[in-house]
Amino acid sequence: MSDCIFCRIVNGEIPSETVYEDEEIIAFNDMQPQAPVHVLVIPRKHIASLDDITETDEELLGRLMSKVHIIAEMLGLANGYRLVANTGEDGLQTVRHLHFHLLGGRKMSWPPG
Ligand code: AMP
Ligand code: ZN
């Protein structure tokens, strides 16, 4: 997907501050951080959103989820964190490549805005 900004980050066409990567996923700093730690965890594969997941993605996404606590630990989030997947228009998703916001380093509030 040449017009997808996160695919371009995956392909190295746009620079990012990568904090973790393996053959299937990458995690990089959000350019507009909403917390002291704000990282986006994404599959290298282009999946537009949670609404676009198919059965073939189940194992990939299981492995992605199992990496989250490892990335959080690497980033010093021993006291907890929040994982968010904005989805669709009401969810205020602005980039149509599945991503999980990993936020931490401060006490979160609830409900979210
Ligand atoms: P969302 O609104 O949930 O789709 O989140 C998209 C996120 O991507 C926002 O928090 C943006 O700040 C972030 N973002 C967009 N472009 C870049 C980029 N080139 N590098 C890092 N973060 C980005
Ligand atoms: Zn993409």
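The rules behind these values
- Residues numbered from 1 in each chain as written.
- Chains lettered and ligands numbered in written order.
- Predicted model: local features only at pLDDT ≥ 70, side-chain atom pairs only at ≥ 80, totals over all residues.
- Heavy atoms only, no water.
- Near = heavy atom within 4 Å.
- Polar contact = N/O pair within 3.5 Å; in protein donor to acceptor, adjacent residues only side chain to side chain.
- Areas by Shrake-Rupley, 256 points an atom, 1.4 Å probe, with all protein chains shown as cover.
- Helix = DSSP H or I, 4+ residues; strand = E, 2+ residues; numbered from the N terminus.
- Nonpolar A, V, L, I, M, F, W, Y, C, P; charged D, E, K, R; others polar.
- Phe/Tyr/Trp six-rings, centres within 6.5 Å; stacked < 30°, edge-to-face > 60°.
- Pairing = 2+ DSSP bridges.
- Axes fitted to C-alpha atoms, helices over the stretch in contact; angles between N-to-C directions.
- Core = buried A, V, L, I, M, F, W, Y, C linked by side-chain atoms within 4.5 Å.
- Buried < 20%, exposed > 50% of the residue type's maximum accessible area, 1.4 Å probe, protein only.
- Contact = heavy atoms within 4.5 Å.
- Expected span 1.5 Å × (residues − 1).

1. A few points about the site of ligand 1
Taken together, 16 residues surround ligand 1, and among them Asp 30, Asn 86, Thr 94, His 99 and His 101 come closest. In this structure, a nitrogen atom belonging to ligand 1 sits 3.1 Å away from a main-chain N or O atom of Met 31. Considered on its own, ligand 1 offers 500 Å² of accessible surface; in the complex 87% of this is hidden by protein. When contributions to the shell around ligand 1 are tallied by element, the ones reaching two or more residues are helix 1 (5-10) and strand 2 (25-29). With three residues, helix 1 is the largest single contributor of residues to the shell around ligand 1. Within the shell around ligand 1, the residues separate by chemical class into eight nonpolar, seven polar and one charged.

2. Description of the packing of aromatic side chains
Any two aromatic rings considered together are summarised by their centre-to-centre distance and by the angle between their planes. A full pass over the atoms with the stated rule returns one aromatic pair. Consider the rings of Phe 6 and Phe 28, whose centres lie 5.4 Å apart with planes at 80°: the pair is edge-to-face. A residue pair is termed long-range when its members are at least 10 positions apart, and Phe 6 in helix 1 and Phe 28 in strand 2 qualify at 22 residues.

3. Examining the sheet that holds strand 1 (residues 18-21)
Read across the sheet, five strands follow the order 1-2-3-5-4 without closing on themselves; strand pairing throughout is antiparallel. On the outer flanks of this sheet lie strand 1 and strand 4 (81-84), each paired with one strand and no other. Taken over all neighbouring pairs, the strand axes of this sheet differ in orientation by 20° on average, direction set aside. With four bridges connecting them, strand 4 and strand 5 (residues 100-104) associate as antiparallel partners.

4. Some points on the nonpolar core
Inside soluble globular proteins, nonpolar side chains tend to come together where they are buried. Counting residues in each nonpolar core, the largest one holds 17 residues, and the members touching the most others are Ile 25, Ala 27, Val 39, Val 41, Leu 64, Ile 71 and Leu 102. Within the residue set of this core, elements represented by two or more residues are strand 2, strand 3 (37-43), helix 2 (58-74) and strand 5. Examining the composition of this core, we find that six residues originate from one element, helix 2, more than from any other. If we ignore the near neighbours within four places in the chain, the residues touching Ile 25 are Tyr 20, Val 41, Ile 42, Pro 43, Arg 44, Leu 64, Lys 67 and Ile 71. Counting residues in each nonpolar core, the second largest holds ten residues, with Cys 4, Ile 26, Ile 42 and Val 95 among its members.

5. Looking at helix 2
Between its terminal C-alpha atoms helix 2 stretches 25 Å, which fits the 24 Å expected from 17 residues at 1.5 Å a residue. Within helix 2, the full set of buried residues consists of Leu 60, Leu 61, Leu 64, Val 68, Ile 71 and Ala 72. Buried residues along helix 2 sit in contact with strand 1, strand 2, strand 3, strand 4 and strand 5. Positive phi shows up at Gly 76, right after helix 2, with a value of about 80°.

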